[in-house]
Amino acid sequence: MRIDVVSIFPDYLAPLDLSLIGKAREDGLLDLAVHDLRDFTHDRHRTVDDTPYGGGAGMEMKAQPWTEALDHVLATRRAAAGAAADEASGVERPHLIVPGPGGVPFSQSLAHDLAAEPWLAFACGRYEGIDERVYEHALDDLGLRVSVVSLGDYVLNGGEVAVLAMVEAVARLVPGVVGNAESLVEESHEDGLLEYPIYTKPREWEGREVPPVLLSGNHAAIARWRHEQRLARTAARRPDLLPVSHGDGEIELRLATAGDVPELFTLVRACWVQEAVANRTLAIPALTEGIDTLRASLDTTRTWVARRGGRLIGSVRTEERGSELFIGRLCVAPDLQGRGLGRMLLEHAEGTAVSGIRTLSLMTGAGSADNLRFYKKAGYRPARVPSGVPGVVDLVKRRRA
Ligand code: 6GU
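Let me sum up the structure you'll find in this document. Treat the numbers as computed from the prediction; the structure is a model and nothing was measured. (Residues numbered from 1 in each chain as written. Predicted model: local features only at pLDDT ≥ 70, side-chain atom pairs only at ≥ 80, totals over all residues. Heavy atoms only, no water.)

1. Some points on the overall build of the protein chain
Then comes step 1: Helix and strand counts for the protein chain come out as 12 helices and 16 strands.
Then comes step 2: The principal-axis extent of the C-alpha atoms belonging to the protein chain is close to 80 × 65 × 45 Å.
Then comes step 3: A total of 401 residues make up the protein chain; the buried ones form 42% of that total.
Then comes step 4: The protein chain carries 46 positive and 56 negative side-chain charges, and their two centres are separated by 8 Å. (Helix = DSSP H or I, 4+ residues; strand = E, 2+ residues; numbered from the N terminus. Buried < 20%, exposed > 50% of the residue type's maximum accessible area, 1.4 Å probe, protein only. Lys, Arg positive; Asp, Glu negative; His and termini not counted. Charge placed at Lys NZ, Arg CZ, Asp CG, Glu CD.)

2. Regarding the site of the ligand
Then comes step 1: Taken together, 13 residues lie around the ligand, and G100, L151, G152, Y154 and L156 are the ones closest in.
Then comes step 2: Between the ligand and the protein, one listed contact pairs a nitrogen atom with a backbone N or O atom of G100 at 3.5 Å.
Then comes step 3: With respect to the ligand, the backbone of L151 contributes an N or O atom lying 2.8 Å from a nitrogen atom.
Then comes step 4: Starting from 290 Å² of accessible surface for the ligand in isolation, the protein chains cover 96%.
Then comes step 5: Placement of the ligand is best described as lying within the second largest pocket.
Then comes step 6: Looking at the shell around the ligand, the elements that each hand over two or more residues are β5 (95-105), β7 (145-150) and α6 (160-171).
Then comes step 7: Considering each element in turn, the shell around the ligand owes the most residues, three residues, to β5.
Then comes step 8: Its residues placed into classes, the shell around the ligand shows nine nonpolar, four polar and no charged. (Near = heavy atom within 4 Å. Polar contact = N/O pair within 3.5 Å; in protein donor to acceptor, adjacent residues only side chain to side chain. Areas by Shrake-Rupley, 256 points an atom, 1.4 Å probe, with all protein chains shown as cover. 1 Å grid on protein atoms, 1.4 Å probe; cavity = no way out; pocket = protein on both sides within 12 Å on 5 of 7 lines; lining within 4 Å. Sits in = over half its atoms within 2 Å of the grid points. Nonpolar A, V, L, I, M, F, W, Y, C, P; charged D, E, K, R; others polar.)

3. Quick notes on the side chain of E187
Then comes step 1: Relative to the assigned elements, E187 resides in the loop between α6 and β8 (204-205).
Then comes step 2: A distance of 2.8 Å separates polar atoms of two side chains, one belonging to E187 and the other to R172.
Then comes step 3: Beyond its immediate chain neighbours, meaning those up to four positions away, E187 contacts R172, L193, E195 and R230. (Contact = heavy atoms within 4.5 Å.)

4. Some details on the sheet that holds strand β1 (residues 2-7)
Then comes step 1: Pairing in this open sheet of five strands is parallel, and the strands run β2-β1-β6-β5-β7 from one edge to the other. The sheet is open, and its two borders are formed by β2 (31-36) and β7, each paired with just one other strand. Taken pair by pair, the neighbouring strands of this sheet meet at an average axis angle of 25 degrees, ignoring direction.
Then comes step 2: Summarising the sheet, β1 and β2 pair through six bridges and their orientation is parallel. (Pairing = 2+ DSSP bridges. Axes fitted to C-alpha atoms, helices over the stretch in contact; angles between N-to-C directions.)

5. With respect to the pattern of salt bridges
Side chains carrying opposite charge are able to pair once their charged atoms draw close together.
Then comes step 1: According to the stated counting rule, one finds 21 salt bridges in the structure shown.
Then comes step 2: One salt bridge in this structure joins K23 and D27, with 2.8 Å as the shortest N-O distance.
Then comes step 3: Take D27: its relative accessible area is 43%, and that puts it in the partly exposed class.
Then comes step 4: We note a salt bridge from D370 to R373, for which the minimum N-O separation is 2.5 Å. With D370 and R373 both in helix α12 (residues 369-377) and three residues apart, the pair spans about one turn of that helix. (Salt bridge = Lys/Arg side-chain N within 4 Å of Asp/Glu carboxyl O.)

6. Some words on the layout of surface pockets
Then comes step 1: If you add up the space inside the second largest pocket, you get close to 360 Å³.
Then comes step 2: What lines the second largest pocket is a set of 25 residues, among which P99, G100, P101, G102 and G125 lie closest to the centre.
Then comes step 3: Where the lining of the second largest pocket is concerned, the elements lending two or more residues are β5 and β7.
Then comes step 4: Broken down by element, the residue count for the lining of the second largest pocket peaks at six residues, all from β5.
Then comes step 5: Class assignment of the residues belonging to the lining of the second largest pocket gives a composition of 13 nonpolar, 10 polar and two charged. (Points joined across faces, edges and corners; volume = space filled by probe spheres on them.)

7. Description of the packing of aromatic side chains
Then comes step 1: Across all of its chains, the model carries three aromatic pairs by this definition.
Then comes step 2: With 5.2 Å between their ring centres and 70 degrees between their planes, F374 and Y375 make a pair best called edge-to-face.
Then comes step 3: Classification of F374 by relative accessible area gives partly exposed; the value is 24%.
Then comes step 4: With a centroid separation of 6.0 Å and an interplanar angle of 70 degrees, the aromatic rings of Y375 and Y380 are classed as edge-to-face. Here the two residues Y375 and Y380 agree in accessibility, since each one is buried.
Then comes step 5: Ring pairing ties together the aromatic residues F374, Y375 and Y380, which thus form one cluster.
Then comes step 6: R321 extends its terminal NZ or CZ atom over the ring of F326, reaching a point 4.4 Å from the ring centre. (Phe/Tyr/Trp six-rings, centres within 6.5 Å; stacked < 30°, edge-to-face > 60°. Lys NZ or Arg CZ within 6 Å of the ring centre and 35° of its normal.)

8. What to know about empty space enclosed by the protein
Then comes step 1: As enumerated under the stated definition, the model contains three cavities of 30 Å³ or more in all.
Then comes step 2: Residue lining of the largest cavity: L264, V268, L294, S297, L298, T303, S315, R317, R329 and C331, and that is the complete set.
Then comes step 3: Elements with a minimum of two residues in the lining of the largest cavity: α8 (261-279), α10 (291-300), β12 (311-321) and β13 (324-332).
Then comes step 4: Examining the composition of the lining of the largest cavity, we find that three residues originate from one element, α10, more than from any other.
Then comes step 5: Residue composition of the lining of the largest cavity, grouped by class: five nonpolar, three polar and two charged.

9. Looking at the side chain of D131
Then comes step 1: Position of D131 relative to the elements: it lies in the loop between β6 (119-123) and α5 (132-141).
Then comes step 2: Using a relative accessible area of 17% as the deciding quantity, one classes D131 as buried.
Then comes step 3: Within the local environment of D131, its side chain forms a polar contact with the side chain of R133, the two groups lying 2.7 Å apart.

10. A few points about helix α7 (residues 219-237)
For the α-helix, the turn length of 3.6 residues means that residues three or four positions removed from each other point alike.
Then comes step 1: Here α7 is 19 residues long and its end C-alpha atoms lie 26 Å apart, about the 27 Å a rise of 1.5 Å per residue gives.
Then comes step 2: Buried residues of α7: A221, I222, W225, R230 and T234, and no others.
Then comes step 3: Measuring from the side-chain oxygen of the N-cap residue of α7 to the backbone nitrogen of A220 gives 3.3 Å; that N-cap residue is N218. (Expected span 1.5 Å × (residues − 1).)

The following block contains the structure:
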């Protein structure tokens, strides 16, 4: 992955030479360049700021140095890799990230998306921000995707600290940067719950004992304890992340009837727009089929709908094919994703498998990174004999007899 950072304080980014990120750079996994914005000024004072049109407090960053800096970043890349090589690999332009408190929230899920990109450029603003025409230049003249991204609801003096945080969060997801890929899975924010408490040697320290269950060797009991701890911790620190509860009567899950079809049709469309974007195609049955097809499918599949407070919030369907249970159309309302509802629906669908079923199978888009992670965590692996549908990954999970 290539990363360019433009800042008036290049020294601020020196920590990117250290630790895992520094190692990744040495290993050639990360090609990171820091540029000094003042190198693109032409006056004796190397001026990058000026007063705001329309009045107001503070100074703003001038368009000219930024425009030249961005042009330079694109030009050096072309020179370094060779334009032909770039075009061949489809890597012509970076995704431009502008850190700022007015941006979309940075999250683990955004970090995963960014980690999949070949080239990122970060523009560190200072003062009150950057002249709007820089964004227009990047978008219109350079053809860059531009995202303003915020670390959280507070104000820093500039984007540098945010870039350190974002580059670290993104780079560690680039394959090879973190040695043990397993350690990336069991983490806070990877599946919607905070991490459980951890202990290492010695067993007793200053009169405090490690919880006995961790010494029991009973892996099922340890997993149960850890899960309870995660729930308790999430409830205490981040109640906003808690799974929507299931089984306490709040969510109603039942087989769909014809009366559910209009809403289900709308939910499916809303959910599969994400898939269309992630896979860069509109040719997805869930997105293109008509409402009559969906209605007819209630006779050939078992389709469940989840409702909360009357609202349709998720669905899943199953179809038996010999010793295989095919699970499909798993979806959760876009505003409620990431809270364990999808897992609940998947487990419900799996739980309906009768004793003759040996294989649970499902498919998802090859570009659906979030889905692929979700299913992997749920124990699904690529099928040995894929169906061969283009752009689709077939996944299976064996059932114990
Ligand atoms: Cl990304 N930048 C700045 N300047 N302030 C912030 C931020 C970013 N995120 C939260 N506050």
